[in-house]
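# Report on the structure
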Amino acid sequence: MASVAESGVIPASRRRRFSRRRFGQATAPYVLLAPAAAVIGVVLAYPLYLLVKMSFEKYGLFELIRHKGRWVGTDNYASIFQDAEFWRVVVRTFLFTVVCVSLTMILGTAIAMLLLQVSRWVRIALTTGLVLVWAVPVIVAVNIWRWMIDYQFGVANWALTKLHFGNFERHDWFANPWSGFGVFTLLIVWGAIPFVAITVYAGLAQVPHELLEAAAIDGAKPWAVFREVTLPLLKPILVILTSLSIIWDFQVFQQIWVMLDSRPTSDYYTMAIYAFHQSFQISEYGLGAAIAVVMVMFMFLATLVYLRQMLRTGEVH
Amino acid sequence: MKVRYLAAALLVAMLAVAASTASGGTSRKHATKLVIWLQNDAQNGWPEAVALANRNFKAQHPDVDVDVQYQTWGTHLTKFDAALAGGDAPDVIEMGNTEMTKYMAAGAFKTLTQGAFPNNKTWLQGLKGSCQFNGKLYGVPYYAGARAVIYRTDQYKAAGIKSTPKSLAQFMADGRKLMKKYGKDSGYSAVYFPGKYWYFGMSVVYDYGGQIAVRKGGKWKGALNSPRALVALNQVKALMKLSRASKTGDEANPQQALVFAKGKVGSFVGNGWEWPYALDEKLGNPALSSSMNAYPMPSHSKGKFMSTFLGGSDLAVPVTTKNQGLAADWIKAFTSTASESEIAKAGNIANTTKLLAFNASNPKLAPFAKAAKFSWFVPTSPNWANVENANVLQTMLVKIATGRASVKAAATSASNQITRILNTGA
């Protein structure tokens, strides 16, 4: 192509075809993206706009029936920020997210490392197990867990008693919010590990074997090899997985809601539940929307890290 | 998740609006469908009454399809709110009598003409009151329920209890006798009392002269930390010691009548319909029919009955309906004397005093009819439903049951919350 350009004589017809193709190449991605953008606009942007609008309105049952809110400015935000319960819920949600995400990432990575070491059959069995867990719909999983830890008939209480861990007969796991959230942490981490383990395993498969060997020959201990060689190479994947996990665990709702018969006591409110409670149980949709908007802000920060990593990964390639 | 929920709700609402406007033009020619929301109590307890109403309605309007959709107490208002927002609400809805005021005040229901409904001159006064707001009628009384102690006669006898207790102290002493006799089985409850069972817990409060809230000078004030209420709540805590029910569970998950049917319960405080429900062929245990009976819960002052929560349901017509006339006709069919007799037979108190004799003459209904004479009701504020939905009383009782907070601390925190919700709504 350079030679043609140097010669300076390009037949007109050919030039036009060339530029048209170039134009096509430039616009094609946007044309292809348009349907998706339109769908996102309808199902996400518009509702989000309504949500933000509602968060500045007095929107109770009266307004709901008439389909028209009353503008109150930032009153809803002022009232949630002054609400002690709201801050308790925020702190609880953050703690819960930190614990769930840390456990998920550590255990998920450990299982991925394990997958590298075991024989083929064990690996297939383990992967199948992980995929099956991943495939169980949340509501079904919650109901299975609910039966396992049932107060009266649960297998957990029965097994713990039989194994002489103490008398767990009629042990109520939700009597104490710490033990209750322990159960929820187990449930969430159990459900989240497969995705992390399988993704990290895929990432590990990309780590060049020679690098590890070289490090080992240089006298690095396994832990040092992991920390100095494997971890830096896995970093992009780990950052993305962590951001995604934060997003998922921060908005936990169904697990708690279904497990506690749609009537969790206030000790079990997370931000998602608190927003739902304010909206649908107290019929203060404006307040609920304000809480939801604050939640979206928090999530946006988590997503920002994720997006930055995505863009960086894009630049490398 | 909240965002997604709200987004989804909004989307559903938008689609529903689109669908309803679309169908408005085209499908009017087809058979009209009347959508009725009833609680699943009717499905479990008196399906005959529903079938009868549908038959009678169908005879009157052969071209109208009736679609009865069963709801649960825990979620029906959430669904109703979403449906109201989407203009897709049912044509008739069953509302708990404590839920009515909030919705009447917000203008959610059509006004009704009292004269048009069967037995309207003899409606139970307590229920009728819950259907009126600012002098207008927005609902039709459906049925009422009062709770009494349902117990195992054979276990009482075996534990050496000769007659049913006449005071709360005696009730508790009998409970201890039952625990002594059967309590070695760690699954046994002399009095099955799950931690969130606030209808029973609050009955004790009212029995000792306590109240949930009092109204002074136009303002509500939570009263659960009053000295009398605190004495009562300490009694509640003592009563819970006779129970091995879940301290964080409620009376409907699992259904207490079905737990009773499993045989490891000496007594429980239940509605009239829970007696036959415990004997249900599929879910319960019909063999218990000869060893079951009921008596009104005794008061702490000897010889009196403890006042019971006057529970009940009303039928209302949401403002969004396009079939107001048909909706009223269905309500007429469902609250006819014949249909109400079926409802009473299932263990409830019918909506009319005309049928009270019917209850009194049936030994299985008489204890509940007797109990109903002394009743208490929740504070009549439009915001009361929010107290229920915020689980304020349940949270307090769970704290007391599990010992996570002292009785006084739990009651004070609940009282403050009730004051706030009743006065401000949130």
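In what follows, the accompanying structure is described. Fair warning: this is a prediction, and the values are worked out from it, not measured in the lab.

This part is about the pattern of salt bridges. A complete count under the given rule lists twelve salt bridges over all chains for this structure. In this structure, the salt-bridge partner of Glu 228 of chain A is Arg 227 of chain A, at a minimum N-O distance of 3.3 Å. The class of Glu 228 of chain A is exposed, set by a relative accessible area of 52%. For Arg 227 of chain A, a relative accessible area of 42% puts it in the partly exposed group. The partner of Asp 267 of chain A in a salt bridge is Arg 404 of chain B, and the shortest N-O contact between them spans 2.2 Å. You can see Asp 267 of chain A sitting in the loop between α12 (254-259) and α13 (271-281) and its partner Arg 404 of chain B sitting in the loop between α18 (392-402) and α19 (407-424), one on each of two chains.

What follows covers the nonpolar core. Counting 70 residues, the largest nonpolar core has Phe 174, Phe 184, Met 259 and Met 271 of chain A together with Leu 84, Tyr 103 and Phe 109 of chain B as the members making the most contacts within it. Among all residues touching Met 271 of chain A, those that are not within four sequence positions of it are Phe 86, Val 89, Val 90, Thr 93, Phe 250, Ile 291, Val 294, Met 295 and Phe 298 of chain A. Listed in part, the 60 residues of the second largest apolar core include Leu 168, Met 202, Leu 242 and Phe 309 of chain B.

With that settled, the discussion passes to the interface of chain A and chain B. The interface of chain A with chain B comprises 47 residues on the first partner and 45 residues on the second. Approximately 4,100 Å² of surface area, both sides summed, lies buried where chain A meets chain B, with 60% of it carried by carbon and sulfur atoms. At the junction of chain A and chain B, the tally comes to 22 residue pairs in polar contact (both at pLDDT 80 or more). Those elements giving two or more residues to the side of chain A that touches chain B turn out to be α2 (12-54), α3 (61-66), α13 and α14 (285-316) of chain A. Among the elements that take part in the side of chain A that touches chain B, α13 of chain A stands out by supplying seven residues, more than any other. Looking at side-chain class alone, the side of chain A that touches chain B contains 27 nonpolar, twelve polar and eight charged residues.

Tallied over the entire structure, the rule returns 51 aromatic pairs over all chains. Ring geometry for Tyr 142 of chain B against Phe 334 of chain B: centres 5.0 Å apart, planes inclined by 50°, an arrangement best described as tilted. Of this pair, Tyr 142 of chain B sits in strand β6 (residues 139-145) while Phe 334 of chain B sits in helix α13 (residues 324-334), and the two are 192 residues apart along the sequence. Each member of the pair, Tyr 142 of chain B as well as Phe 334 of chain B, carries the same accessibility label: buried. Of the aromatic side chains, those joined through ring pairs into one cluster are Trp 198, Tyr 199, Tyr 206, Phe 309, Trp 376, Phe 377 and Trp 384 of chain B. One residue, Arg 120 of chain A, lies across the ring of Trp 121 of chain A, its end atom 5.7 Å from the ring centre. Over the aromatic face of Trp 37 of chain B sits the side chain of Lys 79 of chain B, whose NZ or CZ is 5.7 Å from the ring centroid.

Nonpolar side chains collect at one region of the surface, where Val 39, Ile 40, Val 42, Val 43 and Leu 44 of chain A lie side by side and expose about 430 Å² of accessible area between them. Along the chain, Ile 40 of chain A falls in helix α2.

This part takes up the pairing of strand β10 (residues 219-222) of chain B. Residues and elements named next belong to chain B. Residues Trp 220 and Gly 222 line the buried face of β10, whereas the alternating positions Lys 219 and Lys 221 sit on a face that is not buried. Looking at chain direction, strand β9 (residues 213-216) and β10 are connected through four bridges and run antiparallel. Bridged to Ala 213 within β10 is Gly 222. Between β9 and β10, which pair antiparallel one after the other, the connecting turn spans two residues, and Gly 217 there sits at a positive phi close to 55°.

Cut-offs applied
- Residues numbered from 1 in each chain as written.
- Chains lettered and ligands numbered in written order.
- Predicted model: local features only at pLDDT ≥ 70, side-chain atom pairs only at ≥ 80, totals over all residues.
- Heavy atoms only, no water.
- Salt bridge = Lys/Arg side-chain N within 4 Å of Asp/Glu carboxyl O.
- Buried < 20%, exposed > 50% of the residue type's maximum accessible area, 1.4 Å probe, protein only.
- Helix = DSSP H or I, 4+ residues; strand = E, 2+ residues; numbered from the N terminus.
- Core = buried A, V, L, I, M, F, W, Y, C linked by side-chain atoms within 4.5 Å.
- Contact = heavy atoms within 4.5 Å.
- Buried area = accessible area lost by both parts, 1.4 Å probe.
- Polar contact = N/O pair within 3.5 Å; in protein donor to acceptor, adjacent residues only side chain to side chain.
- Nonpolar A, V, L, I, M, F, W, Y, C, P; charged D, E, K, R; others polar.
- Phe/Tyr/Trp six-rings, centres within 6.5 Å; stacked < 30°, edge-to-face > 60°.
- Lys NZ or Arg CZ within 6 Å of the ring centre and 35° of its normal.
- Patch = residues over 30% accessible without salt bridge, like charges linked within 9 Å, V, L, I, M, F, W, Y side chains within 5 Å.
- Areas by Shrake-Rupley, 256 points an atom, 1.4 Å probe, with all protein chains shown as cover.
- Pairing = 2+ DSSP bridges.

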